[in-house]
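# Chains, contacts and geometry: an overview
Take a look at the letters that make up each chain.
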Amino acid sequence: ARENATYTENEFHILDVGCGTGALFGFYIKVAEAKGITVHIHGLDLSEKMVQKAQAYGTELLSKVTTQRPHSIRVDQGDICQWEPQDESSPSSPHYEYDLVVANACFGNFWDPAQALHCMTKALRLDGLLCITHPLGSSFVKQLHENDPSTVPHLLPTVPNFEQMARTLPLANLQIVDKDEEDTSSSSYFMASATKVVYHTLPQIMRLRGTVDTGYGRGGKKLGFPTANLPSRLFQNALQDVP
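Residues numbered from 1 in each chain as written. Predicted model: local features only at pLDDT ≥ 70, side-chain atom pairs only at ≥ 80, totals over all residues. Heavy atoms only, no water.

Below, the discussion takes up the pattern of salt bridges. This structure, assessed with the given rule, holds five salt bridges. With a shortest N-O distance of 2.4 Å, Asp 99 and Arg 125 are connected by a salt bridge. Taken together, the positions of Asp 99 in strand β4 (residues 98-104) and Arg 125 in strand β5 (residues 124-134) put the pair 26 residues apart, joining distant regions of the chain. Take Asp 99 and Arg 125: they sit in the same class, and that class is buried. Close ionic contact of Asp 213 with Arg 233 constitutes a salt bridge, the shortest N to O distance being 3.9 Å. Of the two residues, Asp 213 is situated in the loop between β7 (189-196) and α6 (219-223) and Arg 233 in helix α7 (residues 232-235); the sequence distance between them amounts to 20 residues. We classify Arg 233 as exposed; its relative accessible area is 62%. (Salt bridge = Lys/Arg side-chain N within 4 Å of Asp/Glu carboxyl O. Helix = DSSP H or I, 4+ residues; strand = E, 2+ residues; numbered from the N terminus. Buried < 20%, exposed > 50% of the residue type's maximum accessible area, 1.4 Å probe, protein only.)

The structure is reproduced here in C-alpha cells:
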C-alpha cells in the first residue's frame with residue numbers, strides 16, 4: 001500500500017463516516033498542520049442537509065489555513081454500507097484506500113454494525129487505522145438506545161462484541177478505551193480501534209479427514225512433540241480456493 005503512487009509520507013487520507021456537520025474536520029487540519037503533513041478529508045453522511053453544512057464548514061476551515069499545504073475536504077451523501085472502491089484514475093473520484101477511517105458518534109445508529117465495520121475495513125489501506133469513537137461515552141449511547149431504540153438500535157461495542165464482529169475481517173490490534181464519567185473530575189469518552197492487516201480468519205472451520213500417513217519422523221525429534229500426517233495426495237487441492 002505504501003508503494004501506491006497516491007500515497008506519500010507527507011499526505012494523509014481520512015474517511016469520516018457519518019461526519020454530520022464536520023465536527024472533527026478542524027481537529028484533523030490542526031493535527032496535520034502541527035505535523036507538517038497534508039490531509040485529505042472525505043466526509044460521508046446520509047443527510048443532505050448535514051452534507052451541505054459540512055461542506056460549507058470545510059470550505060471555511062480551508063480558507064483560514066495560513067500555510068501553503070493543499071489540504072482538501074470533500075463531503076458526499078452516502079451510506080458506508082453501500083460504499084464501493086472508486087476508479088482512482090478519475091480526478092473527481094474520492095480516494096479509496098484511506099489511512100484512517102473514523103465513525104464518530106454514529107456507530108450505535110447503524111442498522112447493521114457488523115456490515116458497517118466490514119465496509120469501513122474495506123475502505124482502509126493496509127496498516128491503516130480504524131476508529132469507532134464517541135465523545136460522550138458508552139453510557140450516553142446506552143441511554144439514547146433505551147430512550148429511542150428505533151433511532152439508536154445498538155450500543156457501542158464491548159471487547160467481546162468487537163472481537164466477534166471483526167472475527168473474519170483483516171483487523172488486528174483490537175483495542176477499546178471506554179471511560180465513563182465517574183465523578184466531576186473525569187470525562188467520558190469511547191474509542192475502539194484496530195489496524196488493517198493482510199490476513200483474516202476463514203468464515204468456517206476447515207476439517208480434513210483421512211488415514212494417518214507415514215512422515216519423515218521429524219515431529220518429535222525437531223519440534224519436540226509428535227505429529228500426525230494426512231496423505232498429501234488426498235488433500236493437494238483442499239486449499240486451492242482459500243485466498
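Let us keep going from here.
A regular strand places its side chains on the two faces of the sheet in alternate fashion. In terms of burial, β7 is a largely internal element, six of the eight residues being buried. Note that β5 and β7 share six bridges and pair antiparallel. Residue Cys 131 lies in a different strand from β7, and its bridge partner there is Ser 193. In this sheet, β7 lies alongside strand β6 (residues 171-179) in antiparallel orientation, the contact comprising seven bridges. Residue pairing in the sheet places Gln 175 in a bridge with Ser 193 of β7. (Pairing = 2+ DSSP bridges.)

Turning our eyes to something else, we now look at a nonpolar patch on the surface. Taken together, the side chains of Met 206, Leu 208, Leu 230, Leu 239 and Val 242 define a hydrophobic patch exposed on the protein surface, amounting to about 400 Å² of accessible area. Turning to its location among the elements, Leu 230 is positioned in the loop between α6 and α7. With relative accessibility at 34%, the residue Leu 230 sits in the partly exposed group. (Patch = residues over 30% accessible without salt bridge, like charges linked within 9 Å, V, L, I, M, F, W, Y side chains within 5 Å. Areas by Shrake-Rupley, 256 points an atom, 1.4 Å probe, with all protein chains shown as cover.)

Time to look at the side chain of Thr 195. Mapping Thr 195 onto the fold places it in strand β7. Sequence-distant contacts of Thr 195, that is, excluding residues within four places in its chain, are made with Asp 127, Gly 128, Leu 129, Pro 170, Leu 171, Ala 172 and Asn 173. (Contact = heavy atoms within 4.5 Å.)

Here we take up the pairing of strand β1 (residues 11-17). Judged by how many residues are buried, β1 sits mostly within the fold: five of seven residues are covered. At this point the chain moves from β1, through helix α1 (residues 25-35), to the parallel strand β2 (residues 38-45), and the crossover so formed is right-handed. Of the pairings in the sheet, the one linking β1 to β4 comprises four bridges and is parallel in character. Its bridge partner being in β4, Ile 14 is matched across the sheet by Leu 100. (Right-handed = clockwise from strand over helix to strand, strands pointing away.)

On the secondary structure map, Asp 76 appears in strand β3 (residues 72-77). Spatially, the C-alpha atoms of Asp 76 and Val 51 are 6.3 Å apart, while their sequence positions differ by 25 residues. Beyond its immediate stretch of four places on either side in the chain, Asp 76 contacts His 42, Gly 43, Leu 44, Asp 45 and Val 51. Separated by 2.9 Å, the side chains of Asp 76 and His 42 make a polar contact. (Polar contact = N/O pair within 3.5 Å; in protein donor to acceptor, adjacent residues only side chain to side chain.)

Bringing the sheet that holds β3 into the picture now. Judged by pairing direction, the sheet is mixed, and its seven strands sit side by side in the order β3-β2-β1-β4-β5-β7-β6 without closing on themselves. Whereas interior strands pair on both sides, the edge strands pair on one side only; in this sheet they are β3 and β6. For this sheet the average axis-to-axis angle between neighbouring strands, irrespective of direction, equals 15 degrees. Of the pairings in the sheet, the one linking β2 to β3 comprises six bridges and is parallel in character. Bridging from a neighbouring strand, His 42 pairs with Arg 74 of β3. (Axes fitted to C-alpha atoms, helices over the stretch in contact; angles between N-to-C directions.)

What follows deals with the confidence of the model for the protein chain. Scored by pLDDT, the protein chain has a mean of 87; 88% of the residues are at 70 or more. Within the model, pLDDT remains below 50 along residues 1-7, and this stretch shows 15 contacts once partners closer than five positions in the same chain are excluded. (pLDDT = per-residue confidence, 0-100.)

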